[in-house]
Amino acid sequence: MKRDGEIIKTSFVGIAGNILLVAGKIVVGLLASSISIITDAVNNLTDAMSSIVTIVGTKLSGKKPDKKHPYGHGRTEFITSALIAMIIFVAGALAIYESVVSLIDGEQPAYDVYSFVIVSLAIVVKIALGLYFRLRGNKLSSDALRASGTDALMDSILSFGTLVGALISYLTGVHLEGYIGIVIGLLIIKSSIDVFRESASKIIGERTDAAFAKNMVDDIAKVPGVLGVYDLIINNYGADRNIASVHVEVADDMTAKEIQAMERSIGYICYEKFGTIMTVGVYAKNDETEGQKMIKEKILSIVKDYPEILQTHGFYADEERRVISLDIVISFDCKTPDKTYKEVCEKVSAAYPDYTIQIVIDNDFSLSE
Ligand SMILES: [Zn+2]
């Protein structure tokens, strides 16, 4: 896939850049016997490692669907992002450890002008790398690249702290490197937790982007024969790989032939435009007879007393079989959805005691913003 190739190319730029930084800093760090610059170099080495993890992750998530994983392997990328977060965490812990050790040892580094020039240059390179990763990550919607970009920008702050500490110790003889290192180490650990939380949240399964869902619903609504679009559920298995389902309302005298033509159009639009494999379910619209209209109005007036009910749909009153069916979507903000459901069921049953009442709770998968 082209996207995978681009991610891998970007990661190779990261590996090359970081190895260059590691080499430069190790030389300077050893010559100046500065523990903070050597630690900084080790930290850059973990970045090169995380780029390698990104390449492996991309290769794995690009793997074709197979019998065991028919939804593809796209979610592997969320796991590699979590692994990168752990690498950042280790680097942060390492920075704190080394800083404490240097404080205890009271080591006196000896900087010269060249150390400052090279460390400054390294900061510029690191910022450029970080921005490049962010840019490519956003363009290719790759969490792994974005995570690497965040890591690189955090590291440029770490390097800057190292530079400031070195300058102060060079100019005044006061050695602050250890303290600066501890603060920066804590910041790195915080960023690692943020990256980890984001990828963990994606692994658990997040709500679909509201704008994406709305565009899809709007396009489905335009298909001839569709009178209403409800219950859009989108399961994401990595970039551009969605398995979804939706309910559409249609006239209750539509033939199977007409429904099939409509379903085909919906399926095609979702696949072509949204990279989504769509299954369509059908609700028949019926508020034709006076009796049906009255029942619907009555039920809507019952539901109106519950602001936590975001939507009522799929209403059907079968006067022959004596069945009333409808769905209600209850807001996630409501703490007692079961109570709401029970009350609505009881009120509808009380109003129509000779009917069988079938009310289904739908989750707010993509309805509200
Ligand atoms: Zn529904």
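Keep in mind that what you see is a predicted model, and the values were worked out from it rather than measured.

Each assigned domain of the protein is listed here: domain 1 (2–204) and domain 2 (210–362). Computed over C-alpha atoms only, the centres of domain 1 and domain 2 are separated by 49 Å. Across the boundary between the two partners, domain 1 contributes 8 residues, which contact 5 residues of domain 2. Looking at side-chain class alone, the side of domain 1 that touches domain 2 contains 1 nonpolar, 4 polar and 3 charged residues.

Ile84, Ala85, Ile88, Ala95 and Ile188 are the most contacted members of the largest nonpolar core, which has 22 residues in total. At the level of elements, α3 (76–105), α4 (113–139), α5 (143–172) and α6 (177–204) are the ones that each hand at least two residues to this core. For this core, the element with the most residues is α3, which contributes 8 residues. Contact partners of Ala85, with chain neighbours within four places excluded, come to Ala147, Ser192, Val195, Phe196 and Ser199. Formed by 14 residues, the second largest nonpolar core is a distinct cluster that contains Ile220, Ala244, Ile266 and Cys270.

With that out of the way, let us pick up the confidence of the model for the protein. Predicted coordinates in areas of low pLDDT are best not read in detail. When pLDDT is averaged along the protein, the result is 88, and 99% of the positions lie at 70 or above. Considering each helix and strand of the protein separately, the mean pLDDT is smallest for helix α2 (residues 35–61), with a value of 81, and largest for helix α8 (residues 256–274), with 95.

Owing to its 3.6 residues per turn, the α-helix brings residues three or four apart onto one side. In this model, α8 (19 residues) spans 26 Å end to end at C-alpha, consistent with the 27 Å of a helix rising 1.5 Å per residue. Buried residues along α8 sit in contact with α7 (210–221), β2 (242–251) and β3 (276–285).

Before going further, it helps to spend a moment on the environment of Ile55. Relative to the assigned elements, Ile55 resides in helix α2. Along the sequence, Ile55 and Ser11 sit 44 residues apart, while their C-alpha atoms lie 6.6 Å from each other. Setting aside anything within four residues of it in sequence, one finds Ile55 in contact with Ile8 and Ser11.

So, on to the pairing of strand β4 (residues 309–318). Across 7 bridges, the pairing between β4 and strand β5 (residues 323–330) is antiparallel. Looking at the pairing, Asp318 lines up with Val323 of β5. The hairpin formed by β4 and β5 contains 4 residues between the paired strands, and Arg322 there has a positive phi angle of roughly 60°.

Turning next to the packing of α5 against α6. Their axes nearest at 9 Å, the elements α5 and α6 cross at an angle of 175°. What the angle tells us is that α5 and α6 run roughly antiparallel. For the pair α5 and α6, contact is made by Asp143, Ala147, Thr150, Met154, Ile157, Leu158, Gly161, Val164, Gly165, Ala166 and Ser169 and by Glu177, Ile180, Ile184, Leu187, Ile188, Ser191, Val195, Ser199 and Lys202, respectively. Taken together, the residues of the contact of α5 with α6 sort by class into 11 nonpolar, 6 polar and 3 charged.

Okay, the sheet that holds β5 next. Across the sheet, which stays open at both edges, the 3 strands sit in the order β4-β5-β6 with mixed pairing between neighbours. Single-partner strands in this sheet number two, and they are β4 and β6 (356–362). For this sheet, the mean inter-axis angle between neighbouring strands, taken without regard to orientation, is 15°. Contacting β4 and β5, helix α9 (residues 290–303) runs over the sheet at an angle of about 155° to β4. Along the sheet, helix α10 (residues 337–351) contacts β4, β5 and β6; its crossing angle with β6, the most-contacted strand, is approximately 155°.

Strand order in the open sheet made by the 3 strands is β1-β2-β3, with mixed pairing throughout. At either end of the open sheet lies a strand with only one pairing partner, and these are β1 (228–236) and β3. When the angles between neighbouring strand axes are averaged without regard to direction, this sheet yields 15°. As paired strands, β2 and β3 are joined by 10 bridges and run parallel to one another. Of the residues in β3, the one forming a bridge with Val248 is Val282. This element, α7, spans β1 and β2 of the sheet and lies at about 135° to β1.

Cut-off values and rules
- Residues numbered from 1 in each chain as written.
- Predicted model: local features only at pLDDT ≥ 70, side-chain atom pairs only at ≥ 80, totals over all residues.
- Domains from an automatic or database assignment.
- Contact = placed C-beta atoms within 7 Å.
- Nonpolar A, V, L, I, M, F, W, Y, C, P; charged D, E, K, R; others polar.
- Core = buried A, V, L, I, M, F, W, Y, C linked by C-beta atoms within 7 Å.
- Buried ≥ 20, exposed ≤ 12 C-beta atoms within 10 Å, placed from the backbone.
- Helix = DSSP H or I, 4+ residues; strand = E, 2+ residues; numbered from the N terminus.
- pLDDT = per-residue confidence, 0-100.
- Expected span 1.5 Å × (residues − 1).
- Pairing = 2+ DSSP bridges.
- Axes fitted to C-alpha atoms, helices over the stretch in contact; angles between N-to-C directions.
- Parallel < 35°, antiparallel > 145°, perpendicular 65-115°, else oblique.

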